[in-house]
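Summary of the model geometry
Here is what each chain is made of, one letter per residue.
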Amino acid sequence: MPGPLRLQGISASAGYAEGPLFRLDRTALHYTVKATAADEKAALEAAIGMATGRLGALIETADSEAAGILEFQIAMLEDDALSGPAFAAIDADQPADAAWRRALDAEIAGYETSDQDYFRARAADLRDIRDQVLRALSEDDESAAPAGAIFYGEDIAPTRFLETDWSSGGGIALKAGSAASHVAMLARSRGVPMVVGLGASPANPVGVALLDAEHGGIVLAPSKAEIEAFRRSSSSFAARRDKAETYLARPAVTKVGTAVRVQVNIADPSDVDGIDIATCDGVGLMRTEFLFGKTLPDEETQYRAYRKVLEWAGEKPVTIRTVDAGGDKPVPGFTVEEGNPFLGLRGIRLSLARPEILRVQIRALLRAGIHGNLKVMFPMIAVADEYARAAALLTEEQTGLAARGVAHKMPPLGIMVEVPSVAIAPEAFADVAFFSIGSNDLTQYVMAAARDNASVAHLNSVRHPAVLRLIASVVAFGRERKIPVSLCGDAGGDPASIPALLEAGLRDLSVAPAQLAMAKAAIADVTV
Ligand code: PEP
Ligand code: MG
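What you see as residue numbers is a count from 1 along each chain, following the sequence as written. Chain labels run from A onward and ligand labels from 1 onward, assigned in the order the entries are written. Thresholds applied to this predicted model are a pLDDT of at least 70 for local features of residues and 80 or more for the giving and counting of side-chain atom pairs; totals over whole chains, interfaces and linings are not thresholded and use all residues. Note that the side-chain values use all heavy atoms of the structure and ignore hydrogens as well as water.

Before going further, it helps to examine the packing of aromatic side chains. Stacked, tilted and edge-to-face are the three classes assigned to paired rings of Phe, Tyr and Trp, where Trp is represented by its six-membered ring and a pair needs centres within 6.5 Å; plane angles under 30 degrees give stacked, over 60 edge-to-face, the rest tilted. Applying the stated rule across the entire model yields eight aromatic pairs. Relative to W166, the ring of F161 has its centre 5.2 Å away and its plane inclined at 35°; by these criteria the two rings are tilted. The burial state of F161 is the same as that of W166; both residues are buried. Taken together, the ring pairs in this structure connect F22, F151, F161 and W166 into an aromatic cluster. We call a charge positioned over a ring when the NZ of a Lys or the CZ of an Arg lies within 6 Å of the ring centre and within 35 degrees of the ring normal. Note that K375 overlies the ring of F434, its terminal NZ or CZ placed 5.1 Å from the centroid. Burial status follows relative accessibility: with a 1.4 Å probe on protein chains alone, a residue under 20% of its type maximum counts as buried, one over 50% as exposed, and anything between as partly exposed.

With that out of the way, let us pick up the packing of helix α11 (residues 355-368) against helix α12 (residues 384-403). All axes here are fitted lines through C-alpha atoms, helices being fitted over the stretch that makes contact, and every angle between N-to-C directions spans 0 to 180 degrees. By the criteria applied, helices consist of DSSP H or I runs no shorter than four residues and strands consist of E runs no shorter than two, each listed in order from the N terminus. Across the interface, α11 lies against α12 with an axial gap of 9 Å and an inter-helix angle of 60°. Judged by the inter-axis angle, α11 sits oblique to α12. The element α11 and its partner α12 pack so that their crossing is right-handed. Contact with α11, carried on its side by P355, L358, R359, I362, R363, L366 and R367, involves A390, L393, L394, E396, E397, Q398 and L401 of α12 and no other residues of that element. Angles are sorted into four bins: roughly parallel if under 35 degrees, roughly antiparallel if over 145, roughly perpendicular if 65 to 115, and oblique for all others. In this scheme the crossing of two helices becomes right-handed for a clockwise turn of the near helix relative to the far one and left-handed for an anticlockwise turn of less than a right angle. Contacts are assigned to residue pairs that have any heavy atoms within 4.5 Å of one another.

Turning our eyes to something else, we now look at the UniProt feature "binding site: phosphoenolpyruvate" (unreviewed entry) in the protein. UniProt positions are given in the numbering used here, feature names are shortened, and annotations may be inferred rather than shown by experiment. UniProt feature "binding site: phosphoenolpyruvate" (unreviewed entry): in the numbering of this structure it lies at R287, R321, N440, D441 and R451. Lining residues of the largest cavity drawn from the annotated list: R287, R321, N440, D441 and R451. Relative to the elements of secondary structure, R287 occurs in the loop between β10 (283-286) and α9 (299-313). If sequence neighbours within four positions are ignored, R287 has contacts with N265, I266, A267, R321 and N440. Residue position: N440 is located in helix α14 (residues 439-447). In this structure, N440 is in contact with R287, R451, G489, D490 and A491, ignoring residues within four places of it in sequence. Throughout, the protein atoms alone are placed on a 1 Å grid, and a set of points is a cavity if a 1.4 Å probe fits but cannot get out or a pocket if it is open with protein on both sides within 12 Å along at least five of seven lines; lining residues have an atom within 4 Å of a point.

This part is about the side chain of E226. Assignment of secondary structure puts E226 in helix α8 (residues 224-245). A residue is classified by how much of its surface remains accessible, and E226, at 19% relative accessible area, is buried. A polar contact of 3.1 Å, which involves the side chain of E226, links it to the side chain of R6. In this structure, E226 is in contact with P4, R6, L210 and V219, ignoring residues within four places of it in sequence. For the purposes of these results, a polar contact is taken to be a pair of N or O atoms within 3.5 Å, where, inside protein, one atom must be able to donate a hydrogen and its partner to accept one; residues adjacent in sequence count only when each atom of the pair is a side-chain atom.

The nearness test applies per residue and asks whether one of its heavy atoms lies within 4 Å of the molecule or strand. Lining the immediate environment of ligand 1, one finds 15 residues, of which R287, R321, G438, N440 and R451 sit closest. For ligand 1, an oxygen atom lies 2.8 Å from a polar atom in the side chain of R321. Contact distances for ligand 1 include 3.0 Å between an oxygen atom and a side-chain N or O atom of D441. Computed by Shrake-Rupley with a 1.4 Å probe, the accessible areas treat only the displayed protein chains as cover when residues are assessed. Contact with the protein chains covers 100% of the free accessible surface of ligand 1, which is 290 Å². With respect to the detected pockets, ligand 1 is housed in the largest cavity. Ranked by residues supplied to the shell around ligand 1, first place goes to α14 with three residues. Whether a molecule sits in a cavity or pocket is decided by its atoms, more than half of which must lie within 2 Å of the grid points.

This next bit is on the environment of L7. Relative to the helices and strands, L7 is located in strand β1 (residues 5-8). In this structure, the C-alpha to C-alpha distance between L7 and S201, residues 194 residues apart in sequence, is 7.8 Å. Apart from residues no more than four positions distant in its own chain, L7 is found in contact with Y152, L198, A200, S201, G216, G217, I218 and L220.

Distances from the magnesium ion (ligand 2) to its protein donors, namely E418 (OE) and D441 (OD), fall within the range 2.0 to 2.1 Å. With E418 in the loop between β13 (413-417) and α13 (420-424) and D441 in helix α14, this pair connects stretches of sequence that are 23 residues apart. For the pair shown, E418 and D441 are each scored as buried. For Na, K and Ca the donor cut-off is 3.2 Å, while for other metals it is 2.8 Å, and in both cases only N, O and S atoms qualify; water is not among them, so sites may look incomplete.

The geometry of helix α3 (residues 80-91) relative to helix α4 (residues 96-112) is characterised by a closest axis approach of 8 Å and an angle of 140° between their N-to-C directions. In terms of orientation, α3 and α4 fall into the oblique class. Both α3 and α4 take part in a crossing whose hand is right-handed. Within the contact between the two elements, α3 uses L82, S83, P85, A86, A89 and I90 and α4 uses A96, A99, W100, A103, L104 and E107. Note on residue categories: nonpolar means Ala, Val, Leu, Ile, Met, Phe, Trp, Tyr, Cys or Pro, charged means Asp, Glu, Lys or Arg, and polar means any other residue, Gly included. When grouped by side-chain class, the residues that make up the contact of α3 with α4 number ten nonpolar, one polar and one charged.

Grid points are joined across faces, edges and corners, and a volume is the space filled by probe spheres set on the points. Tallied over the entire structure, the rule returns one cavity of 30 Å³ or more. Roughly 80 Å³ of internal volume is contained in the largest cavity. Per-class residue counts for the lining of the largest cavity are three nonpolar, four polar and seven charged.

Quick look at the domain arrangement of the protein now. Taken domain by domain, the protein comprises domain 1 (5-22 + 143-242), domain 2 (37-138) and domain 3 (246-524). Segment limits for the domains were obtained from an automatic or database-derived domain assignment. Between the C-alpha centres of domain 1 and domain 3 there is a distance of 29 Å. One side-chain nitrogen of Lys or Arg within 4 Å of one carboxyl oxygen of Asp or Glu is enough to make a salt bridge. The interface formed by domain 1 and domain 3 contains zero salt bridges. Where domain 1 touches domain 3, the interface holds zero residue pairs in polar contact (both at pLDDT 80 or more). Within the residue set of the side of domain 1 that touches domain 3, elements represented by two or more residues are α7 (182-190) and α8. The dominant element in the side of domain 1 that touches domain 3, judged by the number of residues it contributes, is α8, at four residues. For the side of domain 1 that touches domain 3, the residue count by class is four nonpolar, two polar and four charged.

This is the structure we're talking about:
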């Protein structure tokens, strides 16, 4: 029996899970070869039907974001062009499972090597479809994960996440994956522990594993002592989380009575459905890139999305960020191919390069502004000219709406402080209405350590003195010039980083909704 093995990655959704390892990438499904080609065809047809039915059932309970993905997958499954080659291969005497796998692999390879983002992004959906039909074909429960399992593999398909019953525990441990992925977002909002970036592992790990998604690690084949220590950490985490819940309904204050505003970060208008507005001070960041999913949304779609959030928030502020496409957030049909996307045409740079797309968003924002307390901010600003050009577009669109007699309101305009040039020399921006520190990007650019690369995760720390000093200087500049400064990066919701952020002078944080209670509890422990 080999000894315990500890792998380190990045936490994508905090929590603990102890359970049997379920290998996502195992391919040995048990398929029983049929007597005739006609039987093989019938088996494949039935499996496609089962997979389609399963997707349909998932749509019933999915939010709009997940439903969009699932509907796309159903459309693919129902397309004869996809299944045709597999049926032809069955006619040439192949069993259904091999025929389907080969046909889909060929299709996937075509998507993966495409030079367009849009098609490469669809390869993940095709892999998902391929595996769903293979699972349906295998007709056994071999591929059904046991209750409370820890899913382990390269990456996990969104449908696998959505069809898993997480009520009896379990978690996700990925060799690759990304904390910014769709599944990671779902995991955070549903409280499923998840770690990404674990890297290569020994061949075929099996048995019980301990997933510590608070610190981003997993122990395979644990010893008795490790299991006991793990259970202590796990119950301490559960106790902290339960205790934190008692802070949710109260305004956040430190141990010495300093008030701290805590807002939430959202991405989809439906995110607010599960949040009681009384538990937060508004929306500190609404990311809009996710509205720009498979297609670029029109003005009306955007207007409705923004209006919904503004009406939900009532008098409380809602800060909506113009589209921050590029880098870790490619948008098909909008972002461009480039060698180093984090340093390329992303955020406001791309929006200014494609003003016709930004103008649609601006009109939707100006119109939605009459429905609440809207603020608008621009991402990835590096120089003052970018802010001036973006602000000028708002003025122009406002003039256009006024000329057409369309109701609208000009919101206060602010910027993300996430490019070091702005944090180092904020005086160029003395005329903006507010600053919002994007610690995810600011940290990666200051430390030259990517936000989604586990091998440099130890360098990517907001608590490094260089990052904290910059944050403190931006806060001081804001105080001097009476420009409000908040922070909307993930560090704002991280209990381990909150003391340092408050010591740097911040009194306004915006956090992932799942972190709201923990953040307020952590604030209550700070003595500034
Ligand atoms: C950030 O960079 O900290 C931020 C809030 O923006 P995003 O994570 O969307 O890049
Ligand atoms: Mg950012």
